[in-house]
Amino acid sequence: SNQAKSGGNKPEIVLQAGITSPQTQVGFSRDGRLLASTGMHGNSIKLWEVSSGRLLRQLESTMPTFGGSSMTRPFRFSADGRTIVALADGQLKRWDIETGRELNATVFAGGKDLVTVQLSDDGKILAAYGMKQGSIRLWDTTLSRELAPLDIDQDEAVAGHDSFTLSGDGSLVAALTQTMKASTGRKGVSMTTTRQVTIWDVASGKKTKTLKMPATPVQFGASNYENLSLGFSTDSGWIAFRDDSSM
């Protein structure tokens, strides 16, 4: 059953009822009154009352792939707290929180090719990285309009699907990009990876800063997969980077 535990002034709500699969994403409304969660299975977003831990309603989706894509495709409360927006299967869906009714949807051209998607805190700006690795795509979700893409230099590539991030206010995008170069020496051919964090201004689409990182040798025969991630601080003044060496 739902229960509230009090430890001083820090209440902890344990959510149990209604959860039948691991919840891969959770998010609070701006006033802290509601908590939304979604799992790997099913086509709904669960809406909880924080003060009681009670499940208020489920926001059902008509998209059969919604639950399966929830690990990489986020949802957000709107700035006024009246709606929730979520992306899956190349569509941005909206729900009315009070009624649970599904509202109009925005269909993105080429949206099914998107691999990783991020939304600003108010859900107004959407940034996406897809199978075509030449740019990071942007949309203004309130106007259902695609913005100018953020171009990546021709000799660079985004280091991984989770290697870009959108600031909370939607004004900046940062991506970890890498360049691989070959050289020939006494020991034969060697490869070196050079990485940099590139930051763009969303409104202008221009690069504002490039943060260089140390070059690293490529080990042939070893797995090239790394756990890479980036994140902005709340005020967008700092950016954090994580790779396998920092874990």
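J.: If you had to explain the side chain of T177 to someone new, which residues and values would you point to?
T.: With respect to the element layout, T177 can be found in strand β18 (residues 172–185). Dropping the residues within four chain positions of it, T177 is found in contact with I152, E156, A157, V158, A159, T194, R195, Q196 and T198.

J.: Summarise unusual backbone geometry; cite the residues concerned and give the values.
T.: One non-glycine residue, S236, lies in the positive phi region at around 65 degrees. Tracing the chain through its elements places S236 in the loop between β22 (229–232) and β23 (239–242). Judged by its relative accessible area of 16%, S236 falls in the buried class.

J.: Any chance you could break down the pattern of salt bridges for me, citing the residues and the numbers?
T.: Counted under the stated rule, the structure contains 6 salt bridges. Between R33 and E98 there is a salt bridge, and its shortest N-O distance comes to 4.0 Å. Here E98 lies in the loop between β9 (91–96) and β10 (106–107) and R33 lies in the loop between β3 (23–28) and β4 (34–39), a separation of 65 residues in the sequence. Of the residues examined, R33 reaches a relative accessible area of 41% and is grouped as partly exposed. With a relative accessible area of 57%, E98 lands in the exposed category. The salt bridge partner of R54 is E49, with a shortest N-O separation of 3.6 Å. In this structure R54 comes out as partly exposed when scored by relative accessible area, which is 45%.

J.: So what about the confidence of the model for the chain? Which residues, and what values?
T.: Per-residue confidence for the chain gives a mean pLDDT of 76; residues scoring 70 or more make up 70%. Between the elements of the chain, mean pLDDT differs from a low of 47, seen in strand β1 (residues 3–7), to a high of 90, seen in strand β20 (residues 207–212). Of the regions scoring below 50 in pLDDT, residues 1–6 engages in 17 contacts with residues more than four places distant in sequence or in other chains. In this model, residues 66–71 is a region of pLDDT below 50 whose contacts with residues beyond four sequence positions or in other chains number 23 contacts.

J.: Pulling in residues and values, what's your account of the nonpolar core?
T.: Ranked by size, the top nonpolar core spans 15 residues in total, and within it A127, I136, L138, F164, V173, W200 and V202 carry the most contacts. Residue assignment for this core shows that the elements contributing at least two residues are β12 (125–130), β13 (135–140), β17 (164–166) and β18. Per element, the largest residue contribution to this core is 3 residues, and it comes from β12. Excluding anything up to four places from it in sequence, F164 contacts T116, Q118, A127, A128, Y129, I136, V173, A174, A175 and L230. Grouped together as the second largest cluster of nonpolar side chains are 11 residues, F75, F77, I84 and A86 included.

J.: Residues and numbers for the pairing of β13, please.
T.: Along any regular strand, the residues point their side chains to alternate faces of the sheet. For β13, a buried count of 5 out of 6 residues is recorded, marking the element as mostly surrounded by other parts of the structure. In the sheet, β12 pairs with β13 via 4 bridges, with the strands oriented antiparallel. Bridge assignment links I125 to a residue of β13, and that residue is D140. For β13 and strand β15 (residues 150–151), the ladder comprises 2 bridges, and the chain directions are antiparallel. Counted as the bridge partner of S135 is D151 from β15. In this sheet, strand β14 (residues 145–146) lies alongside β13 in antiparallel orientation, the contact comprising 2 bridges. Note that in β14 the partner of W139 across the bridge is E146.

Conventions and cut-offs
- Residues numbered from 1 in each chain as written.
- Predicted model: local features only at pLDDT ≥ 70, side-chain atom pairs only at ≥ 80, totals over all residues.
- Heavy atoms only, no water.
- Helix = DSSP H or I, 4+ residues; strand = E, 2+ residues; numbered from the N terminus.
- Contact = heavy atoms within 4.5 Å.
- Buried < 20%, exposed > 50% of the residue type's maximum accessible area, 1.4 Å probe, protein only.
- Salt bridge = Lys/Arg side-chain N within 4 Å of Asp/Glu carboxyl O.
- pLDDT = per-residue confidence, 0-100.
- Core = buried A, V, L, I, M, F, W, Y, C linked by side-chain atoms within 4.5 Å.
- Pairing = 2+ DSSP bridges.

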